[in-house]
Amino acid sequence: MRQVVLDTETTGLEPGAGDRVIEVAAIELYNFMPTGQTFHVLIDPERDIPEDATRIHGFTIEMLRGKPIFAGIAHELIAFLRDSEIIAHNAPFDFGFLDAEFARCGHPKLDRARMVDSLEIAKRRYPGMPNSLDALCRRLGVDNSMRTSHNALLDVKLLAEVFLQLMGGKQPGLDLAATPARRAGPDLILEDAPAARTPRPIVPTEAELATHLAFVEKKLKEPLWLQPPFAPAAPEPG
């Protein structure tokens, strides 16, 4: 199962009021493991960036002049997202901004059936507790010491680790068998049965059995497995 963990940074909070996307970052997961495939782009929003927004993510309009506009990267982003589930923290925010940007350049909105909101998953798991990305990093032992400002590329890497912990703490390298997974609900993952394996029993030789029996009779006092009903039946007289 392919999923994409995504984050955006914006000029403000209201796409309907003219706020724009200035950064998009995404990481590919396959069967709940990062593949190393990433998408990251800085975008010229074609408008000013308020100081309040700059204090959050650190970007000024001067830093983004000359970067591609959203219409110039839309096809590349759509190609990376494909038809996969899209995981985001407070996902309606990111989906709303991307929908507005896609609409400006003639692309359809994102299907909400693809949306996985890690914030809602966290709220169900930790009701009544702080569930910001920073709070979840601290609670789940994810190192966020590098996060001094909101940066989509760093945030999406942290979110990928947090999401894996929320979904059961699955860690890269621990898959003993490649088994396809399927989603049975917002936070319930079912794995199909692993491939059948041929049993290879170890059968001791007569000499090995005799050696073991001699060792047991010499070293152990009345071993249980030599007492009835565990003891092997005596051979009948021929």
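Refer to the structure printed above.
What this report covers is the structure whose coordinates are included nearby. Since the structure is predicted, the reported quantities are computational estimates derived from the model, not experimental observations. Each chain carries its own residue numbering, running from 1 in the direction its sequence is written. Selection of residues for local features in this predicted model requires a pLDDT of at least 70, selection of side-chain atom pairs for listing and counting requires 80 or more, and totals for whole chains, interfaces and linings are taken over all residues. Hydrogens and waters are ignored; side-chain quantities use all the structure's heavy atoms.

**So, unusual backbone geometry**
- Phi at Arg 82 takes a positive value of approximately 50°, unusual for a residue other than glycine.
- Helix and strand assignments come from DSSP, with helices taken as H or I runs of at least 4 residues and strands as E runs of at least 2, each series counted from the N terminus. Relative to the helices and strands, Arg 82 is located in the loop between α3 (70-81) and β4 (85-88).
- Positioned with a positive phi, Asn 90 is a non-glycine residue whose angle comes to about 65°.
- Relative to the helices and strands, Asn 90 is located in the loop between β4 and α4 (91-104).
- Relative accessible area decides the class of each residue, using a 1.4 Å probe on protein chains only: under 20% of the type maximum gives buried, over 50% gives exposed, and in between gives partly exposed. With relative accessibility at 36%, the residue Asn 90 sits in the partly exposed group.

**Describing the nonpolar core**
- Each nonpolar core is a collection of buried residues, namely Ala, Val, Leu, Ile, Met, Phe, Trp, Tyr and Cys, held together in the definition by side-chain atoms within 4.5 Å. Counting 25 residues, the largest nonpolar core has Val 5, Val 162, Phe 163 and Leu 166 as its most contacted members.
- Of all the secondary structure elements, the ones that give two or more residues to this core are β2 (21-30), α5 (118-125), α6 (133-140) and α7 (152-166).
- For this core, the element with the highest residue contribution is α7, accounting for 9 residues.
- In contact with Val 162, other than residues within four places in its own chain, are Leu 133, Leu 136, Cys 137, Leu 140 and Val 142.
- Of all hydrophobic cores here, the second largest spans 22 residues; its members include Ile 43, Phe 97, Leu 98 and Leu 110. Contacts are assigned to residue pairs that have any heavy atoms within 4.5 Å of one another.

**What about the side chain of His 107?**
- As for its placement among the helices and strands, His 107 is situated in the loop between α4 and β5 (115-117).
- Beyond its immediate sequence surroundings of up to four residues, His 107 is in contact with Ala 74, His 75, Ile 78 and Phe 102.

**Brief notes about the sheet that holds β2**
- Taken in spatial order, the 5 strands make up an open sheet running β3-β2-β1-β4-β5, and their pairing is mixed. Every interior strand has two partners, whereas the edge strands, β3 (33-42) and β5, have only one. Averaged over all adjacent pairs, the angle separating strand axes in this sheet is 25°, with direction ignored.
- The rule for pairing is simple: two strands pair if DSSP sees at least two bridges between them. Of the pairings in the sheet, the one linking β2 to β3 comprises 7 bridges and is antiparallel in character. When the sheet's bridge partners are listed, Glu 23 is paired in β3 with Leu 42.
- Every angle, taken between N-to-C directions, lies between 0 and 180 degrees, and every axis is a line fitted to C-alpha atoms, over only the stretch in contact when it is a helix. Sitting on the sheet, α4 is in contact with β1 (2-10), β2, β4 and β5, with an inclination near 75° to β1.

**Structural notes on the packing of aromatic side chains**
- Aromatic contacts are taken between Phe, Tyr and Trp rings whose centres are within 6.5 Å, Trp giving its six-membered ring; a plane angle under 30 degrees counts as stacked, one over 60 as edge-to-face, and the others as tilted. What the rule picks out here adds up to 4 aromatic pairs.
- Seen from their ring centres, Phe 93 and Phe 97 are 4.9 Å apart, and the 50° between their planes marks the pair as tilted. Taken together, the positions of Phe 93 and Phe 97, both in helix α4 and 4 residues apart, correspond to about one turn of that helix.
- We classify Phe 93 as partly exposed; its relative accessible area is 26%.
- A relative accessible area of 1% places Phe 97 in the buried class.
- Directly above the aromatic system of Phe 80 lies the positively charged group of Arg 2, at a separation of 5.4 Å from the ring centroid.
- Two limits define a charge over a ring: the Lys NZ or Arg CZ must be within 6 Å of the ring centre, and within 35 degrees of the ring normal. Note that Arg 139 overlies the ring of Tyr 126, its terminal NZ or CZ placed 4.6 Å from the centroid.

**A look at the packing of α6 against α7**
- The N-to-C vectors of α6 and α7 enclose an angle of 50°; their axes lie 10 Å apart at closest approach. When the axis of α6 is compared with that of α7, the two are oblique. Judged by the twist between their axes, the crossing of α6 over α7 is left-handed. Between α6, through Leu 133, Leu 136, Cys 137 and Leu 140, and α7, the contact on the second element is made entirely by Asp 155, Leu 158, Leu 159, Val 162, Gln 165 and Leu 166.
- Residue composition of the contact of α6 with α7, grouped by class: 8 nonpolar, 1 polar and 1 charged. An angle below 35 degrees is treated as roughly parallel, one above 145 as roughly antiparallel, one from 65 to 115 as roughly perpendicular, and anything else as oblique. Should the near helix be turned counterclockwise from the far one by less than a right angle, the crossing is left-handed, whereas a clockwise turn marks it as right-handed. Residue polarity is assigned by list, with Asp, Glu, Lys and Arg as charged and Ala, Val, Leu, Ile, Met, Phe, Trp, Tyr, Cys and Pro as nonpolar; anything else, Gly included, falls into the polar class.

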